[in-house]
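Structural characterization, general
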Amino acid sequence: INYEGRKLDVSYNLSEALQFVQKYSSNDAPMLLIYDLELWHDEQIPLSHNVEQLLRFVDSHSTNCFVVICLNNYTKAYLSNFYQVNKYFQTTINMDNLSNTDIFKAISIRHRATHKKLKGKTDEKAGEAYMKRLSRKINLKAKGNIGEALARWAYSTYQVDEETVESQISGYYHLPKFLDADTGLLLSTILLYKRINEKRLRRLFGEAFTEHYVHLVRRLLHVGILVRQLDGWLEIESSIVNDLGRMLEYNEFINYSKK
């Protein structure tokens with residue numbers, strides 16, 4: 001990052017990055033956005049250490065630095081139990097339970113940014129009422145999650161010609177019931193960290209990982225629940241992560257939703 005004429009090669013050491021901002025923001029009151037807090041960890045620096053350093057920074061410097069943290073609801077619930085993170089922040093903006101009106105506004109902004117005309121059921125340009133009907137259908141499937149709603153809008157949009165697109169909302173298929181105690185525990189752990197590798201899982205699960213969970217990882221990769229990224233790390237397939245989170249919550253493995 002470049003800030004006040006200074007440069008920092010950011011690592012997974014959040015404390016180092018926070019000290020950099022603190023040192024060179026004496027003349028400003030900046031907004032600090034930390035995206036995907038659950039990804040701030042590596043082999044040497046655990047997530048818990050970074051969270052502790054972050055909360056100390058917020059406690060000491062919230063008067064001259066506005067801090068915004070992005071993370072999933074499950075990680076927030078987990079950190080709230082151990083670190084009482086709610087005490088350090090003024091409010092929580094939940095992006096998993098938006099209204100039809102909010103989803104419509106977000107989809108409208110996304111569509112206008114493409115500078116394309118949306119074709120209605122006839123060959124005429126679709127009006128606001130048609131857009132609202134589409135956004136309600138999408139929100140029904142996304143259950144108020146803004147990220148999933150925008151993704152579904154993108155998936156359903158097809159090009160007609162250079163200036164026109166149309167929306168073809170497909171059917172919705174639920175995940176089958178496949179969770180057992182071991183699968184639920186493994187997927188809850190991966191969801192907490194968002195991405196993880198076998199070495200880290202082996203540290204967390206101990207000998208049980210080598211004896212049992214390593215085979216479960218291979219099975220989940222084979223059926224597409226997990227995906228392996230180019231760097232070798234594991235993630236839950238993004239198109240099902242919200243459904244899976246709700247399924248884990250329903251089976252009482254995690255607290256995922258925030259009503």
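Provided above is the structure to which this section pertains.
Residues numbered from 1 in each chain as written. Predicted model: local features only at pLDDT ≥ 70, side-chain atom pairs only at ≥ 80, totals over all residues. Heavy atoms only, no water.

This part is about the nonpolar core. Counting 50 residues, the largest nonpolar core has Ile-34, Leu-37, Leu-54, Leu-186, Leu-187 and Leu-201 as the members making the most contacts within it. Aside from chain neighbours lying at most four places away, what touches Ile-34 is Leu-14, Leu-18, Trp-40, Leu-54, Val-68, Ile-69 and Cys-70. Grouped together as the second largest cluster of nonpolar side chains are 17 residues, Phe-104, Ile-107, Leu-118 and Ile-138 included. (Core = buried A, V, L, I, M, F, W, Y, C linked by side-chain atoms within 4.5 Å. Buried < 20%, exposed > 50% of the residue type's maximum accessible area, 1.4 Å probe, protein only. Contact = heavy atoms within 4.5 Å.)

Okay, the packing of helix H8 (residues 198-205) against helix H9 (residues 207-223) next. For the pair H8 and H9, the least separation of the axes is 8 Å and the interaxial angle reads 135°. Taken together, the axis directions place H8 and H9 in an arrangement best described as oblique. Once H8 is placed against H9, the crossing between them reads as right-handed. Residue-level contacts link Glu-198, Leu-201, Arg-202 and Phe-205 of H8 to Glu-207, Ala-208, Phe-209, Thr-210, Tyr-213 and Val-217 of H9. Across the contact of H8 with H9, the residue classes break down as six nonpolar, one polar and three charged. (Axes fitted to C-alpha atoms, helices over the stretch in contact; angles between N-to-C directions. Helix = DSSP H or I, 4+ residues; strand = E, 2+ residues; numbered from the N terminus. Parallel < 35°, antiparallel > 145°, perpendicular 65-115°, else oblique. Left-handed = near helix turned anticlockwise from the far one by under 90°. Nonpolar A, V, L, I, M, F, W, Y, C, P; charged D, E, K, R; others polar.)

Read across the open sheet, the three strands follow the order E8-E10-E9; overall the sheet is antiparallel. Strand pairing shows two members of the sheet lacking a second neighbour, strand E8 (195-196) and strand E9 (226-228), which therefore form its edges. Bridge analysis of E9 against strand E10 (residues 234-236) gives three bridges, and the strand direction is antiparallel. Within the sheet, the bridge partner assigned to Arg-228 lies in E10 and is Leu-234. Packed onto the sheet, H9 meets E9 and E10 and runs at close to 90° relative to E9. (Pairing = 2+ DSSP bridges.)

Once that is clear, we can look at the pattern of salt bridges. Under the counting rule described, the total for this entry stands at nine salt bridges. Notably, a salt bridge pairs Glu-43 with Arg-203, separated by 3.5 Å at the nearest N-O pair. Taken as a pair, Glu-43 in the loop between strand E3 (31-34) and helix H2 (47-61) and Arg-203 in helix H8 lie far apart in primary sequence, 160 residues in all. Overall, the relative accessible area of 26% leaves Glu-43 in the partly exposed class. Taking the shortest distance from any N to any O, the salt bridge between Asp-231 and Arg-195 comes out at 2.5 Å. Taken together, the residues span a long stretch of sequence, with Asp-231 in the loop between E9 and E10 and Arg-195 in strand E8 at a distance of 36 residues. Overall, Arg-195 belongs to the buried group, its relative accessible area being 15%. Shared partners join several salt bridges into a network, and the residues in it are Glu-148, Arg-152, Asp-243 and Arg-246. (Salt bridge = Lys/Arg side-chain N within 4 Å of Asp/Glu carboxyl O.)

A few words now on the pairing of strand E4 (residues 66-69). By the alternation rule, side chains of E4 split into Val-67 and Ile-69, which are all buried, and Phe-66 and Val-68, of which none is buried. Taken together, the four bridges between E3 and E4 define a ladder with parallel strand orientation. In the sheet register, Met-31 faces E4, and the bridge partner there is Phe-66.

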